[in-house]
Amino acid sequence: QVRLVESGGALVQPGGSLRLSCVASRTIFSIYDMGWYRQAQGKQRELVAQITRGFSTKFADSVKGRFTVSRDNAKNTVYLQMNNLKPEDTAVYYCNALLGRAEHWGQGTQVTVSS
């Protein structure tokens, strides 16, 4: 079992920045593909960004050029740097760890973009 704990969510003004962190409990963190998803109220959960164990990345079209994803395997941590935030980025952000058919989720952290 992998336990994931997200942090860094907050209320921020449009145009602002936040960095989310997700710490994983297992020391073999490096073999997992890691992802950030979000779920806005009344909407389905969607993939925001992913970084594979080989450090390949992909992003949702809506965040390309504004968000970056990185990982520090020595710290069992994946980050989501969010710049130029927009009100439509408001959602609960979830960390995901994927290895084959095994999938694990964090509890989520709230990001609210509002003036």
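This text goes with the structure placed above it.
In this numbering scheme, every chain counts its residues from 1 along its sequence in written order. Whole-chain, interface and lining totals are the exception, using all residues; otherwise, since this is a predicted model, local features are given only for residues with pLDDT of at least 70 and side-chain atom pairs are given and counted only at 80 or more. Hydrogens are left out, water is left out, and the side-chain values use all remaining heavy atoms of the structure.

S.K.: Explain the state of the cysteines here, please?
M.R.: Cysteine pairs can be linked by a disulfide, which is a covalent bond between their two sulfur atoms. In what follows, a disulfide is any cysteine sulfur pair within 2.5 Å. Throughout the structure, instances matching the rule amount to one disulfide. Between Cys22 and Cys95 runs a disulfide, and the two sulfur atoms are separated by 2.1 Å. Because the torsion about its S-S bond is -80°, the bridge between Cys22 and Cys95 counts as left-handed. On the criterion of sequence distance, the pair formed by Cys22 in strand β3 (residues 18–24) and Cys95 in strand β9 (residues 91–99) is long-range, its members being 73 residues apart. In this pair, the class of Cys22 matches that of Cys95, namely buried. Strands here are runs of E lasting at least two residues and helices are runs of H or I lasting at least four, both read from the DSSP assignment and numbered beginning at the N terminus. Exposure classes here rest on a 1.4 Å probe applied to the protein chains alone. A residue is buried below 20% of its type maximum, exposed above 50%, and partly exposed in between.

S.K.: Would you mind showing me how to read the packing of aromatic side chains here?
M.R.: Each aromatic ring pair is described using two quantities: the centre-to-centre distance and the angle formed by the ring planes. Aromatic contacts are taken between Phe, Tyr and Trp rings whose centres are within 6.5 Å, Trp giving its six-membered ring; a plane angle under 30 degrees counts as stacked, one over 60 as edge-to-face, and the others as tilted. If you walk through the whole model with that rule in mind, you get one aromatic pair. When the ring of Tyr37 is compared with that of Trp105, the centres are 4.9 Å apart and the planes differ by 65°; the resulting orientation is edge-to-face. Of the two residues, Tyr37 sits in strand β4 (residues 33–39) while Trp105 sits in strand β10 (residues 102–105), which places them 68 residues apart along the sequence. For Tyr37, a relative accessible area of 19% gives the class buried. Relative accessible area serves as the criterion here: at 33%, Trp105 is assigned to the partly exposed category. Comment: the charge-over-ring label is applied if NZ (Lys) or CZ (Arg) is within 6 Å of the ring centre and within 35 degrees of the ring normal. Positioned above the aromatic ring of Tyr94 is the side chain of Arg45, whose terminal nitrogen or guanidinium carbon lies 3.8 Å from the ring centre. Taking the ring centre of Phe29 as reference, the NZ or CZ of Arg71 above it sits at 4.7 Å.

S.K.: What is the right way to read the sheet that holds strand β1 (residues 4–7) from this model?
M.R.: As summarised here, the arrangement of the four strands in space is β1-β3-β8-β7, forming an open sheet in which the pairing is antiparallel. Of all the strands in the sheet, the pair left with one neighbour each is β1 and β7 (67–72). Across the sheet, the axes of successive neighbouring strands diverge by a mean angle of 15°, strand direction being ignored. In short, DSSP must find at least two bridges between two strands for them to pair. As judged from the six bridges shared by β3 and strand β8 (residues 77–82), these two strands associate in the antiparallel manner. Of the residues in β8, the one forming a bridge with Val23 is Thr77. Only the stretch in contact is used when a helix axis is fitted, and all axes are lines through C-alpha atoms; the angle between N-to-C directions ranges over 0 to 180 degrees.

S.K.: Would you mind going over the pattern of salt bridges with me for this structure?
M.R.: Where side chains of opposite charge bring their charged atoms close, a pairing between them can arise. Any Lys or Arg side-chain nitrogen located within 4 Å of an Asp or Glu carboxyl oxygen qualifies as a salt bridge. Under the counting rule described, the total for this entry stands at four salt bridges. When the shortest N-O distance is used, the salt bridge between Arg38 and Asp89 registers 2.9 Å. In this pair, Arg38 is assigned in strand β4 and Asp89 in the loop between β8 and β9, connecting sequence segments 51 residues apart. Judged by relative accessible area, which is 5%, Arg38 ranks as buried.

S.K.: Would you mind going over the nonpolar core with me for this structure?
M.R.: Side chains of nonpolar character tend, in soluble globular proteins, to be buried together. Nonpolar core, defined: a set of buried Ala, Val, Leu, Ile, Met, Phe, Trp, Tyr and Cys residues in which side-chain atoms within 4.5 Å join the residues together. Counting 29 residues, the largest nonpolar core has Met34, Trp36, Val78, Leu80, Met82 and Tyr93 as its most contacted members. Elements supplying a minimum of two residues to this core: β3, β4, β5 (46–51), β7, β8, β9 and β11 (109–113). Any two residues whose heavy atoms approach within 4.5 Å are treated as being in contact. Beyond its immediate stretch of four places on either side in the chain, Tyr93 contacts Glu6, Leu20, Trp36, Tyr37, Arg38, Val48, Phe67, Leu80, Met82, Gly108, Thr109 and Val111.

S.K.: Is there a simple way to explain the pairing of β10 in this structure?
M.R.: Within a regular strand, side chains alternate between the sheet's two faces. Pairing of β9 with β10, which is carried by four bridges, proceeds in the antiparallel orientation. Directly across from Leu99, in β10, lies its bridge partner Ala102. Taking the residues between adjacent antiparallel strands as the criterion, β9 and β10 are bridged by two residues, where Gly100 takes a positive phi near 60°.

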